[in-house]
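# Survey of secondary and tertiary structure
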Number of protein chains: 2
Amino acid sequence: MVTIKDIAKRLGVAPSTVSKSLNNADDISDETKHLVFETALEMGYKIKRNKNNIGLAERRVCILIDNMEYENHDQFGYDLILGFKNAATSRNWQVDIIPANLNAFYELSNNYDAFMIQNKYSGAFMIGFSMHNDYLQQIRRTRIPTVLFDNHITENPKVGYVATDCYEGIGMAVKYLKNLGHKKIAFLNGTKNTMISDERINAFQQIMNELSLTVYDELMENGYYVPNCAKYHIPAFLRNGATAIVCASDLIASDVINEVTRLGYTVPDDISVIGFDDLPFSANLTPPLTTIKQDRLSLGKSALILLDGLINDIPISKMLLHAKLIERTSSAHVKTNL
Amino acid sequence: MVTIKDIAKRLGVAPSTVSKSLNNADDISDETKHLVFETALEMGYKIKRNKNNIGLAERRVCILIDNMEYENHDQFGYDLILGFKNAATSRNWQVDIIPANLNAFYELSNNYDAFMIQNKYSGAFMIGFSMHNDYLQQIRRTRIPTVLFDNHITENPKVGYVATDCYEGIGMAVKYLKNLGHKKIAFLNGTKNTMISDERINAFQQIMNELSLTVYDELMENGYYVPNCAKYHIPAFLRNGATAIVCASDLIASDVINEVTRLGYTVPDDISVIGFDDLPFSANLTPPLTTIKQDRLSLGKSALILLDGLINDIPISKMLLHAKLIERTSSAHVKTNL
């Protein structure tokens, strides 16, 4: 068991300097604090307040958020954060929300663990970060309990991830389309080379195979989660005979419906469109969108349950939620050629 | 919302008969109880005591156990059940353990939901059941929160499963063997056509591909989780040039070590052997077994956390725990031909 004395000895400073640094005291320079944190982490020093016996006032966790909108009910992050906070409150955890563009977040950005310890957070829920983000790279070796959303890092027992089971969700969508007579089904994915896009396209291909439906390379594209991506792919999908398009998000699906309509086709008479997420606006599209629901409140709650588990040394790696197919009218029986 | 009156009306009986049946009263015949339960379930009647507001005395869940030994510390089920019970106690759940060979378990075996409701269980943790078991088939359509171990049923929001992340575990083992210079790695799996065996062999093949190692069909076999399975496969593995064998359980690995020794070879000098589980006896084998640890206490705790989530309407589908490679001396650098 590494003690404050061990750290002091290694650094050749007084134990009080180490103690004060770890408590973020005002009379210690930032340079010294950095050095103490780095050394403490390197030596495997265990922060005592990460334990169950910490006082309620110190039961603090945070949500680190980047690239995701969450300020109003229509946005993906809103219910995610609400679910996390609700579950946290019932377990006496205090939650701070830290947008990644805040200075506070970057002041120690070269050391995630130090940032968490100095701010007395027992753990974090990180949402919206891309795999290339420097912070996310640090998560590979963190000793701070951390839950990722839609991003997976293996082989670190202090890191887990929460997501909707996309195999189940895409499976439900493709089975449903097959039952409606569709055979040439296209998939318009999100940003290329992200973990979640890779999982979704793999799921799509595996399920198509399991259902004995042919997978066409020209009917699988990446939409990059940007507005107006549909115009680059929909003409080719239609030309190649797709009768249904499964999209990686409701935003993409909304754009697809617009593009299909602009090209003079009708949803669902000419082509069925299915989204992913079930955001509030999706029920109000024309036509209302059939979509694979992500239960965002439950995802948030699960993230807190997972984080609470990691803090209590239960090495949870993945927690996947059931998907649900919400049938509306953007999908219909395949058009028969009379 | 379906009420007791609705059920009574449908059946043409008095509401008191329905109420008494649902409470398993002595003065109602078994036949009537069956009929009431079947009808209540069919109509989607929601049992009120599944909610948070039930009294402590009624917070009951059960562990249904089949084909798994759990009576002493050396057996797989022991810590699994202990972890579940520990987590249950801290959340005020009372736990009953029901071996599948008990009459009590079969008295309503044609209806799992009825069994659970009549016995006032809010949920169950089912371990050791095979997919062909009649009960497990009923789980596909149950409305009772149910957690499975090493068995997965999709598309039922009331059913989740808990397991060790075998992709991570087998990945750690294969990477470790590759670093020791091994190229011809064999995999001796458990019983054929079970979900867990399918997942493990898929994981093995995927990881071998990712690490640019050749997968040989003749180096992958099923050992059926029976004692003395090694003799059927080890001679061929050795003949085909395997330098390492990853096994689907410590029991199989133990048998493999015996068989390799019997054939005049030495572990690890001639061939490395890696197990899966890290049961207590594995450290005492000759040589002590390198193995992929399943943290059984944490698996049990996670099962309760998952079940508690399902009871509170959080539709958790999967909860996977981090694996850990325990390096002992049944594995070593590949033998170099001088």
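Residues numbered from 1 in each chain as written. Chains lettered and ligands numbered in written order. Predicted model: local features only at pLDDT ≥ 70, side-chain atom pairs only at ≥ 80, totals over all residues. Heavy atoms only, no water.

### Focus on the relation of the copies chain B and chain A
Expressed as a screw transformation, the operator carrying chain B onto chain A has a rotation angle of 180 degrees and an axial translation of 0.0 Å, and the superposed copies differ by an RMSD of 0.0 Å. Those values place the two copies in the arrangement expected of a two-fold rotation axis. For chain B, the residue whose C-alpha comes nearest the rotation axis is Met319(B), separated from it by 2.3 Å. In this assembly, 100% of the residues forming the interface of chain B have copies in chain A that are likewise at the interface, indicating an isologous arrangement. (Least-squares fit on C-alpha atoms with pLDDT ≥ 70 in both. Contact = heavy atoms within 4.5 Å.)

### Some points on helix α4 (residues 76-90) of chain A
An α-helical turn contains 3.6 residues, so any two residues separated by three or four positions project in the same direction. All names here are of chain A. Within the span of α4, buried status applies to Phe 76, Gly 77, Asp 79, Leu 80, Ile 81, Gly 83, Phe 84, Ala 87 and Ala 88. Each element contacted by the buried residues of α4 is listed here: β1 (60-65), β2 (94-99), β3 (123-127), β4 (146-149), β9 (272-277) and α12 (296-311). With its phi angle positive at about 60 degrees, Asn 92 sits one or two positions after the end of α4. (Buried < 20%, exposed > 50% of the residue type's maximum accessible area, 1.4 Å probe, protein only. Helix = DSSP H or I, 4+ residues; strand = E, 2+ residues; numbered from the N terminus.)

### Considering the interface of chain B and chain A
Each side of the interface is counted separately: chain B has 26 residues, and chain A has 26 residues. Across the chain B to chain A interface the summed buried area is about 2,100 Å²; carbon plus sulfur atoms make up 60%. Among the residues chain B hides against chain A, the three largest losses belong to Glu155(B), Ile314(B) and His322(B). Together they make up 30% of the total. Counting the contacts that link chain B with chain A gives two salt bridges. Here Lys175(A) makes a salt bridge to Glu155(B), at a shortest N to O gap of 2.7 Å. Connecting chain B to chain A are 16 residue pairs in polar contact (both at pLDDT 80 or more). Among the elements of the structure, α8 (166-179), α12 (296-311) and β11 (316-321) of chain B are those that each provide at least two residues to the side of chain B that touches chain A. Sorting elements by how many residues they give to the side of chain B that touches chain A places β11(B) first, with six residues. Class assignment for the residues of the side of chain B that touches chain A results in 11 nonpolar, seven polar and eight charged. Sheet topology places strand β11 (residues 316-321) of chain A next to β11(B); five bridges connect them, and they run antiparallel. (Buried area = accessible area lost by both parts, 1.4 Å probe. Salt bridge = Lys/Arg side-chain N within 4 Å of Asp/Glu carboxyl O. Polar contact = N/O pair within 3.5 Å; in protein donor to acceptor, adjacent residues only side chain to side chain. Nonpolar A, V, L, I, M, F, W, Y, C, P; charged D, E, K, R; others polar. Pairing = 2+ DSSP bridges.)

### A few points about the sheet that holds strand β7 (residues 220-222) of chain B
All names here are of chain B. Judged by pairing direction, the sheet is mixed, and its six strands sit side by side in the order β7-β6-β8-β9-β10-β12 without closing on themselves. On the outer flanks of this sheet lie β7 and β12 (324-326), each paired with one strand and no other. Going across the sheet, the axis of each strand differs from the next one's by a mean of 20 degrees, ignoring polarity. Bridge count for strand β8 (residues 244-247) against strand β9 (residues 272-277) is three bridges, and the pairing is parallel. By the bridge assignment for β9, Val 246 is matched with Ile 274. (Axes fitted to C-alpha atoms, helices over the stretch in contact; angles between N-to-C directions.)

### Side note on the pairing of β9(B)
All names here are of chain B. Among the six residues in β9, six count as buried, and that is most of the element. Handedness of the crossover joining β8 and β9 through helix α11 (residues 250-262) is recorded here as right-handed. The pairing of β9 with strand β10 (residues 290-293) spans four bridges and is parallel. Bridged to Asp 277 within β10 is Lys 293. (Right-handed = clockwise from strand over helix to strand, strands pointing away.)

### Topic: the pattern of salt bridges
All names here are of chain A. Taken as a whole and assessed by the stated rule, the structure comprises 16 salt bridges over all chains. Taking the shortest distance from any N to any O, the salt bridge between Lys 335 and Asp 270 comes out at 2.5 Å. Highlighted residues: Lys 335 in the segment after β12 (324-326) and Asp 270 in the loop between α11 (250-262) and β9, separated in sequence by 65 residues. The class of Lys 335 is exposed, set by a relative accessible area of 52%. Linking Lys 293 and Asp 278 is a salt bridge whose minimum nitrogen-to-oxygen distance equals 3.5 Å. In this pair, Lys 293 is assigned in strand β10 (residues 290-293) and Asp 278 in the loop between β9 and β10, connecting sequence segments 15 residues apart. Each of the salt bridges in this network shares a partner with another, and the network as a whole consists of Asp 278, Lys 293 and Arg 328.

### Structural notes on a nonpolar patch on the surface
Judged by side-chain polarity, Tyr78(A), Leu82(A) and Leu297(A) come together as a nonpolar surface patch covering roughly 210 Å² of accessible area. By relative accessible area, which is 31% here, Tyr78(A) ends up partly exposed. (Patch = residues over 30% accessible without salt bridge, like charges linked within 9 Å, V, L, I, M, F, W, Y side chains within 5 Å. Areas by Shrake-Rupley, 256 points an atom, 1.4 Å probe, with all protein chains shown as cover.)

### A short note on the pairing of strand β5 (residues 159-164) of chain A
All names here are of chain A. Summarising burial for β5: six of the six residues are buried, a large majority. Neither face of β5 is left uncovered, since the one carrying Val 159, Tyr 161 and Ala 163 and the one carrying Gly 160, Val 162 and Thr 164 both have all their residues buried. Relative to β5, β4 runs parallel, the two sharing four bridges. Each bridged residue has a counterpart across the sheet, and for Val 147 the counterpart in β5 is Gly 160.

### Quick notes on the sheet that holds strand β4 (residues 146-149) of chain B
Overall, mixed pairing links the 12 strands, which are arranged β2(A)-β1(A)-β3(A)-β4(A)-β5(A)-β11(A)-β11(B)-β5(B)-β4(B)-β3(B)-β1(B)-β2(B) in an open sheet. Taken across any chain shown, the strands that pair with only one partner, and hence form the sheet edges, are β2 of chain A together with β2 (94-99) of chain B. Looking at each pair of strands side by side, their axes are set apart by 20 degrees on average, direction ignored. Running over the sheet, α12(B) touches β11 of chain A together with β1 (60-65), β3 (123-127), β4, β5 (159-164) and β11 of chain B and is turned about 165 degrees from β5(B).

### Regarding the packing of aromatic side chains
Inspection of every chain in the model, using the stated rule, returns eight aromatic pairs over all chains. An angle of 15 degrees between the planes, with centres 5.1 Å apart, marks the rings of Phe84(A) and Phe125(A) as stacked. Of this pair, Phe84(A) sits in helix α4 while Phe125(A) sits in strand β3, and the two are 41 residues apart along the sequence. Under the relative-accessibility criterion, Phe125(A) is labelled buried at 0%. Of note, Lys184(B) hangs over the ring of Tyr216(B), and the distance from its end group to the ring centre comes to 4.6 Å. Here the basic side chain of Arg200(B) rests over the ring of Phe276(B), its NZ or CZ set 3.9 Å away from the ring centre. (Phe/Tyr/Trp six-rings, centres within 6.5 Å; stacked < 30°, edge-to-face > 60°. Lys NZ or Arg CZ within 6 Å of the ring centre and 35° of its normal.)

### What about unusual backbone geometry?
A cis amide bond links Val267(A) to the next residue, Pro268(A), at an omega of 5 degrees. Each neighbour pair has its own omega, and for Thr286(B) with Pro287(B) the value is -10 degrees, a cis peptide bond. Following the sequence through the fold, Pro287(B) ends up in the loop between β9 and β10. The backbone of Glu155(B) sits at a positive phi, close to 65 degrees, despite the residue not being glycine. Relative to the helices and strands, Glu155(B) is located in the loop between β4 and β5. The class for Glu155(B) is partly exposed, based on a relative accessible area of 36%.

### Focus on the nonpolar core
Counting 85 residues, the largest nonpolar core has Phe125(A), Val256(A) and Phe125(B) as the members making the most contacts within it. Look past the residues within four positions of Val256(A) in its chain and what remains in contact with it is Leu188(A), Ala230(A), Ile234(A), Ile245(A), Cys247(A) and Val273(A). (Core = buried A, V, L, I, M, F, W, Y, C linked by side-chain atoms within 4.5 Å.)

### Things to note about the packing of α8(B) against helix α9 (residues 195-210) of chain B
Residues and elements named next belong to chain B. Here α8 crosses α9 at 45 degrees, and the two axes come no closer than 9 Å. By the angle class used here, α8 and α9 are oblique. Of the two elements, α8 crosses α9, and the hand of that crossing is right-handed. In this structure, α8 uses Cys 166, Tyr 167, Ile 170, Gly 171 and Val 174 to contact α9, whose residues at the interface are Glu 199, Arg 200, Asn 202, Ala 203, Phe 204, Gln 206, Ile 207 and Met 208. Here the residues of the contact of α8 with α9 are counted per class, giving eight nonpolar, three polar and two charged. (Parallel < 35°, antiparallel > 145°, perpendicular 65-115°, else oblique. Left-handed = near helix turned anticlockwise from the far one by under 90°.)

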